[in-house]
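Notes for the structure review
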Amino acid sequence: MIANKVGIVSTRIDTCRSSLFCSKNSSVSLHPTNAADRVLMDIQNSGIIACLRAKSAELAVEAARAALRGGISVLEITMSTPGVFEVNVEFKLHLVCSSITKSCVFFPQALQCLVQEYPSTSIGIGTVLDRREAKEAVDLGAKFLMSPAMVKGILSDVAEGQALYIPGAATPTEVLSASTDGAKIVKVYPVSVLGGVEYLAALKKPFPHIPLVASQGMTLDSVGAYICEGASAVVLSDAIFDKKAIAERNFLRIHHLACSAAARGNQAVRKIKCMDE
């Protein structure tokens, strides 16, 4: 079990979810009233969205647990992960109740397992390409949905705030269109190919009111630069869920990478907040 590999469950290093806002990126009230606004608050407070891809549902759950225990507060599981909704094997869900860890019921979905185990964490699904996938994810408890492009219809399906939709965009026209259609935050993808930090900074100049997420090719060392140039958060995939570590089931390594990512995100957000004051 992961708890045996990482020792005692670490104290979460995320900061108060209602106090660490970067005002120039903020588009949600300090007192969110629905799931979408709560996720947006978590994203802007942490500066990090951890993106998980794994070859099996069981690996995904164990890797996710390691990252969440390392301080990650926003977790994306991609649709390419086998068993993100359905799995062919059962695995135990462990809950902590009154400091006693006990085995509970079996769940047939990786997403539902994590949502049940971490009810206050912002866990969502990425690479959502159609409305059917979006609906299934929300029905199973996903608090946010992320796409590489704008998928028409999803925004209207979650218009009541039951989940946050983060569409992808590559150009100024696409960013503005997504925001005009109702997106509360937009993912700039693939940002590294488009020009990296400089491209994100250029996009932010005409759209200071639109929260942007930088996605693709992110490293731990690039977190501060992107947030400094206006990103509300960055998506970290291999930088946290190292392929070799996952293949070797080295969840301690993932835990350590998650700790480092969470600390860098919090530090960058704090720095921007101080600059705004």
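The sections below set out a description of the structure shown in this document. Just so it is clear, the model here is predicted, and its values are computed rather than measured. (Residues numbered from 1 in each chain as written. Predicted model: local features only at pLDDT ≥ 70, side-chain atom pairs only at ≥ 80, totals over all residues. Heavy atoms only, no water.)

**As for the overall build of the protein**
Definition in use: The secondary structure listing takes helices from DSSP runs of H or I that are at least 4 residues long and strands from runs of E that are at least 2 residues long, numbered from the N terminus. Here the term buried applies to any residue with accessible area under 20% of the maximum for its type, exposed to any over 50%, and partly exposed to those in between, with areas from a 1.4 Å probe on protein chains only. Throughout, a contact is declared for two residues whenever any of their heavy atoms are within 4.5 Å. For accessible areas, the Shrake-Rupley method is used with a probe of radius 1.4 Å. Any residue's cover is judged against the shown protein chains and nothing else.
The secondary structure content of the protein amounts to 12 helices and 11 strands. In the protein, which comprises 277 residues, the proportion classed as buried is 53%. For the protein, restricting intrachain contacts to residue pairs at least 6 apart in sequence, the fraction spanning at least 24 positions comes to 63%. A total accessible area of about 12,200 Å² is found for the protein, and carbon and sulfur atoms account for 56% of it.

**Brief notes about the pairing of strand E5 (residues 122-126)**
To be explicit about the condition: By the convention used here, strands pair only if DSSP detects at least 2 bridges between them.
Buried residues dominate E5, accounting for five of its five residues. Residues Ser122, Gly124 and Gly126 line one face of E5 and the alternating positions Ile123 and Ile125 line the opposite face, and both faces are buried. As judged from the five bridges shared by strand E2 (residues 74-78) and E5, these two strands associate in the parallel manner. Pairing of Thr78 across the sheet is with Gly126, part of E5.

**Some points on the packing of helix H2 (residues 35-46) against helix H12 (residues 251-276)**
To be explicit about the condition: Inter-axis angles, ranging from 0 to 180 degrees, are taken between N-to-C directions of lines fitted to C-alpha atoms, where helices are fitted over the stretch in contact. Working rule for angles: under 35 degrees goes down as roughly parallel, over 145 as roughly antiparallel, 65 to 115 as roughly perpendicular, anything else as oblique. Residues are grouped as follows: Ala, Val, Leu, Ile, Met, Phe, Trp, Tyr, Cys and Pro are nonpolar; Asp, Glu, Lys and Arg are charged; every other residue, Gly included, is polar.
Packing of H2 against H12 leaves a shortest axis separation of 7 Å and a crossing angle of 90°. Judged on the interaxial angle alone, H12 and H2 are roughly perpendicular. Contacts between H2 and H12 involve Gln44, Asn45 and Ser46 from the first element and Gly265, Asn266 and Val269 from the second. Tallied by class, the residues present in the contact of H2 with H12 amount to one nonpolar, five polar and no charged.

**Some details on the packing of aromatic side chains**
The test is simple: Ring pairs shown here join Phe, Tyr and Trp side chains whose ring centres sit within 6.5 Å, with only the six-membered ring taken for Trp; geometry is labelled stacked below 30 degrees between planes, edge-to-face above 60, and tilted in between. Both a distance and an angle decide whether a charge sits over a ring: NZ of Lys or CZ of Arg must be within 6 Å of the ring centre and within 35 degrees of the ring normal.
Applying the stated rule across the entire model yields zero aromatic pairs. Seen from the ring of Tyr189, Lys187 lies directly overhead, with NZ or CZ sitting 4.9 Å from the centre.

**What to know about the environment of Leu220**
Of note, Leu220 is situated in the loop between strand E10 (212-214) and helix H10 (223-228). On a C-alpha basis, the gap between Leu220 and Val234 in space is 9.7 Å, while along the polypeptide they are 14 residues apart. For Leu220, the residues in contact, after removing those within four places along its chain, are Leu236, Ala239, Leu257, Ser260, Ala261 and Arg264.

**A look at the environment of Ile123**
Within the secondary structure layout, Ile123 lies in strand E5. Put simply, Ile123 and Ala142 are 19 residues apart on the chain and 5.9 Å apart in space, counted from C-alpha to C-alpha. Every residue in contact with Ile123, bar those within four places of it in the chain, is listed here: Leu68, Leu75, Ile77, Leu111, Leu114, Val115, Tyr118, Gly141, Ala142, Lys143 and Phe144.

**Observations regarding helix H3 (residues 57-69)**
Which entries qualify depends on this criterion: By this rule the span expected of a helix is its residue count minus one, scaled by 1.5 Å.
For H3, spanning 13 residues, the distance from its first C-alpha to its last is 18 Å, which sits close to the expected 18 Å at 1.5 Å a residue. Along H3, the positions that sit buried rather than exposed are Ala57, Leu59, Ala60, Val61, Glu62, Ala63, Ala64, Arg65, Ala66, Ala67, Leu68 and Arg69. Gly71 sits one or two positions beyond H3 and adopts a positive phi of about 110°.

**Re the pairing of strand E1 (residues 48-52)**
Quick note on the threshold: We call a crossover right-handed when, viewed with the strands running away from us, the connection from the first strand over the helix to the second turns clockwise.
Burial of E1 is extensive: five of the five residues sit out of reach of the surface. Along E1, one buried face is formed by Ile48, Ala50 and Leu52 and the opposite face, lined by Ile49 and Cys51, is buried too. The sheet contact formed by E1 and strand E11 (residues 233-236) spans three bridges and is parallel. In the sheet register, Ile49 faces E11, and the bridge partner there is Val235. Bridge count between E1 and E2: three bridges; the pairing is parallel. If you follow Ala50 over to E2, its bridge partner there is Leu75. After leaving E1, the chain enters H3 and then returns to the sheet as E2, a path that is right-handed.

**Some words on the side chain of Asp42**
Put simply, the test is: In protein, a polar contact requires one atom able to donate a hydrogen and another able to accept it; more generally it is a pair of N or O atoms within 3.5 Å, and residues adjacent in sequence count only if both atoms are side-chain atoms.
Note on placement: Asp42 falls in helix H2. A polar atom in the side chain of Asp42 sits 2.7 Å from the side chain of Ser122.

**Overview of unusual backbone geometry**
In this structure, Pro190 follows Tyr189 across a cis peptide bond, with omega equal to -5°. By the element assignment, Pro190 lies in the loop between strand E9 (186-188) and helix H8 (191-194). Despite not being glycine, Thr127 has its phi angle at roughly 55°, a positive value. With respect to the helices and strands, the residue Thr127 is situated in the loop between E5 and helix H5 (131-139). Take Thr127: its relative accessible area is 32%, and that puts it in the partly exposed class.

**Focus: H2**
An ideal rise of 1.5 Å per residue puts 16 Å on 12 residues; H2 measures up with 17 Å between its terminal C-alpha atoms. Counting buried residues along H2, 11 of its 12 residues qualify, which places the element largely inside the surrounding structure. Of the positions making up H2, those classed as buried are Ala35, Ala36, Asp37, Val39, Leu40, Met41, Asp42, Ile43, Gln44, Asn45 and Ser46. Two to three positions downstream of the cap, the backbone nitrogen of Ala36 sits 3.2 Å from a side-chain oxygen, assigning the N-cap of H2 to Asn34.

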